[in-house]
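The lines below spell out each chain.
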Amino acid sequence: MRVCVLGAGVVGLATAWALGEAGCEVVIADAETKPGQGASAGNGAQLSYNFVAPFASPDTLRHLPALLLDPAAPIRIAPRFDLDFLRWNLAFLRACTGRMERETTVAQLALAALSRTELDRLEAAAGLHFYRRVAGKLVVYREANSFAAARRQAERQRKVGAEQIVLDGAACLQQEPGLRIAPGVLHGGVYTPSEELGDSAAFCEGLAAKLAQRNSISFALGSRVEPVLRGGKLVAVRANDTEIAADCFVLCLGSGSAAFARACGFRLPIQSMKGYSFTFRPRDRSAALRHSVTDADRKIVFAPLDRPDGPVIRAAGVADLVGDDRRIDPKRLDAVRRGTADALDVDLDSDPTGWAGLRPATPDSRPIVGPSPIPALFLNTGHGALGWTLACGTARLTTELLLGQEPSVRAADFAFGR
Ligand SMILES: Cc1cc2nc3c(=O)[nH]c(=O)nc-3n(C[C@H](O)[C@H](O)[C@H](O)COP(=O)(O)OP(=O)(O)OC[C@H]3O[C@@H](n4cnc5c(N)ncnc54)[C@H](O)[C@@H]3O)c2cc1C
């Protein structure tokens, strides 16, 4: 079977690998001239297999008015009159129930476990190096309410097998000496020893090089793709002046997926959630981090990456629903920098340019995987804040569904129109 994978981000590349392993001929198409240049290029580097709770929750709903009114809040929603945007927001509000939060957590934990196993397999089979390691993850809370909600979530997750330790504020500072938050400011944290991190840009670069060595896999880079429909079926994509035909297409265009779906005649509930990152070297050993850390109320994550040229820390944060605009807003990048300086010992002059990327967010935070309303078009997109973590899991699920095999996780949890 010849499959065209649309998108060469971490999701598209992992999908191409899984399909190639299953014996498919694969062509990977992307607008950029190099793979991995979208959201996968500068993300927070967390392989967050246990912290999979959705953004839509009763706790988020409670905080929403304050978040919307505070210009310095880590979440920004720019209201606009656009039917897709309004529908997305309504669906998000509907997903903010305790029941939905629990259902999504259980579904995402199963997918994340599959993803970890699949990444292990891929890493070993392809011999990739992307600074992956088990660093443990400490999520710290500055507010009593959010810490209380986190305790409840940790308790629920423990019941389904996630190993998490609840710590008070002082114990958090002991656990992670690189934190520079004043004693008394932290209410507590949740520590998960088994959590991992890794550089998704290095993963994309290495995996693309391995894929390019295979005879059955090719790339069509450097041109946006548009659908070519005949009789309501997707038969090809147009890239520049050429048409790429295939038996089947897998939509992995990240934040570009909704526009492609619109051109095919259906709506995908995906909005771009913009975030920022910058990367810096710790001043010295005492400023280095041992674990990956999340400053939960500021919505900033810190990942200590052991690169061959020395250790760096990637700081990433904020979530702005401001449309498909990848430009850097200096004020929002500055919010991540100031938040970082408030938690760690950091030289703010490092990496002055920073980076911005668009998380392809669904209202319930679950990716959309499986058949679309258009014959021959499969979906593997909408991974939101967890695309790096979940990419290999949804690649496996896509391959299983496409080839009519028994799915490794409950496919209905991730189906279009669930
Ligand atoms: C600030 C930030 C921090 C994050 N931190 C983490 C983290 O710590 N852990 C984690 O698991 N996830 C994290 N994420 C989320 C993760 O990065 C994304 O979910 C993931 O990268 C999505 O991968 P993708 O392949 O779907 O999309 P992308 O990497 O964006 O790839 C999509 C590709 O499609 C191409 N494309 C789009 N439209 C078209 C078109 N019409 N024609 C041709 N090509 C097109 C683009 O060029 C791009 O290469 C973070 C994201 C951000 C922004």
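In this text, all values refer to a predicted model and were calculated from it rather than measured experimentally.

Right, let's talk about the overall build of the chain for a bit. Broken down by element type, the chain carries 10 helices and 21 strands. On C-alpha atoms alone, the chain measures out to a radius of gyration of 21 Å, which is about the 22 Å that the 2.2 N^0.38 rule sets for 418 residues. Projecting the C-alpha coordinates of the chain onto the three principal axes gives extents of approximately 65 × 45 × 40 Å. Here the chain holds 418 residues, and the buried ones make up 56% of them. The contacts in the chain between residues at least 6 apart in sequence include a share of 76% that link residues at least 24 apart. Of the roughly 17300 Å² of accessible surface on the chain, 53% is carried by carbon and sulfur atoms. With 49 positive and 45 negative side-chain charges, the chain shows a spacing of 3 Å between the two charge centroids.

It is worth spelling out the pattern of salt bridges at this point. Opposite charge on two side chains allows them to pair when their charged atoms are near. Applying the stated criterion to the full structure yields 32 salt bridges. We note a salt bridge from D342 to R298, for which the minimum N-O separation is 2.4 Å. Taken as a pair, D342 in helix α9 (residues 330-343) and R298 in the loop between β16 (292-295) and β17 (300-307) lie far apart in primary sequence, 44 residues in all. A relative accessible area of 36% means that D342 is categorised as partly exposed. Taking the relative accessible area as the measure of exposure, R298 reaches 32% and is therefore partly exposed. A salt bridge links D413 to R410; the nearest nitrogen and oxygen atoms lie 2.9 Å apart.

About the cut-offs
- Residues numbered from 1 in each chain as written.
- Predicted model: local features only at pLDDT ≥ 70, side-chain atom pairs only at ≥ 80, totals over all residues.
- Heavy atoms only, no water.
- Helix = DSSP H or I, 4+ residues; strand = E, 2+ residues; numbered from the N terminus.
- Rg over C-alpha atoms; globule rule 2.2 N^0.38 Å.
- Buried < 20%, exposed > 50% of the residue type's maximum accessible area, 1.4 Å probe, protein only.
- Contact = heavy atoms within 4.5 Å.
- Areas by Shrake-Rupley, 256 points an atom, 1.4 Å probe, with all protein chains shown as cover.
- Lys, Arg positive; Asp, Glu negative; His and termini not counted.
- Charge placed at Lys NZ, Arg CZ, Asp CG, Glu CD.
- Salt bridge = Lys/Arg side-chain N within 4 Å of Asp/Glu carboxyl O.

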